[in-house]
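# Examining the three-dimensional arrangement
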Amino acid sequence: MTVTVERSLGPEAVPELLDLYGTYEWWADRETAPLRRALAATDELVALRDDETDRLVAAARVLTDYTYYAMVFDV
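Treat the numbers as computed from the prediction; the structure is a model and nothing was measured.

Scoring rules and cut-offs
- Throughout this description, residue numbers start from 1 for each chain and increase along the sequence as written.
- Per-residue local features of the predicted model are confined to residues with pLDDT of at least 70, and side-chain atom pairs are confined, for both listing and counting, to 80 or more; whole-chain, interface and lining totals are unaffected and use all residues.
- Side-chain measures were taken over the full set of non-hydrogen atoms in the model, leaving aside hydrogen atoms and water.
- By nonpolar core is meant a set of buried Ala, Val, Leu, Ile, Met, Phe, Trp, Tyr and Cys residues that side-chain atoms within 4.5 Å join together.
- Three exposure classes are used, based on accessible area relative to the maximum for each residue type with a 1.4 Å probe and protein chains only: buried under 20%, partly exposed in between, and exposed over 50%.
- The numbering of helices and of strands both runs from the N terminus, where a helix is a DSSP run of H or I of at least 4 residues and a strand a run of E of at least 2.
- Any pair of Phe, Tyr and Trp rings, taking the six-membered ring for Trp, is counted once the centres come within 6.5 Å. Such a pair is stacked with planes under 30 degrees apart, edge-to-face with planes over 60 apart, and tilted for the rest.
- Whether a charge sits over a ring comes down to the Lys NZ or Arg CZ being within 6 Å of the ring centre and within 35 degrees of the ring normal.
- For every residue, the predictor reports its confidence as pLDDT, a number between 0 and 100.

Turning next to the nonpolar core. Membership of the largest hydrophobic core comes to 13 residues, with the highest contact counts inside it found for Leu-9, Leu-17, Leu-35, Leu-39, Leu-45, Leu-56 and Ala-59. Among the elements of the structure, helix H1 (14–22), helix H2 (32–40), strand E2 (44–50) and strand E3 (56–64) are those that each provide at least two residues to this core. Broken down by element, this core gets its largest block of residues, four residues, from H1.

In structure tokens:
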């Protein structure tokens, strides 16, 4: 599989992210409105997309001060 890295996903990606999160038991309770709020407060979102299927296969949210610190969530 070859993948493309995307550095930013907008609110239109919420359904794809919910599908991705649904494949993992610990994220199965994610819902649309809270996920939209989380994305709005996320500084960077890095995602991997399968080039052949254009399907989202991985994502990570990053909160950062852009100087010293960054924390990675939802990998």
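Before going further, it helps to examine the packing of aromatic side chains. The tally for this structure, following the rule as stated, stands at one aromatic pair. Taken together, a centroid distance of 6.3 Å and an interplanar angle of 55° make the contact between Tyr-68 and Tyr-69 tilted. The class for Tyr-68 is exposed, based on a relative accessible area of 70%. You can call Tyr-69 exposed: its relative accessible area is 64%. Note that Arg-30 overlies the ring of Tyr-21, its terminal NZ or CZ placed 5.1 Å from the centroid.

Our next topic: the confidence of the model for the protein. When the pLDDT values of the protein are averaged, the result is 85; 100% of them are 70 or greater. Mean pLDDT per element in the protein: strand E1 (residues 3–6) is the minimum at 77, and strand E4 (residues 70–73) is the maximum at 91.

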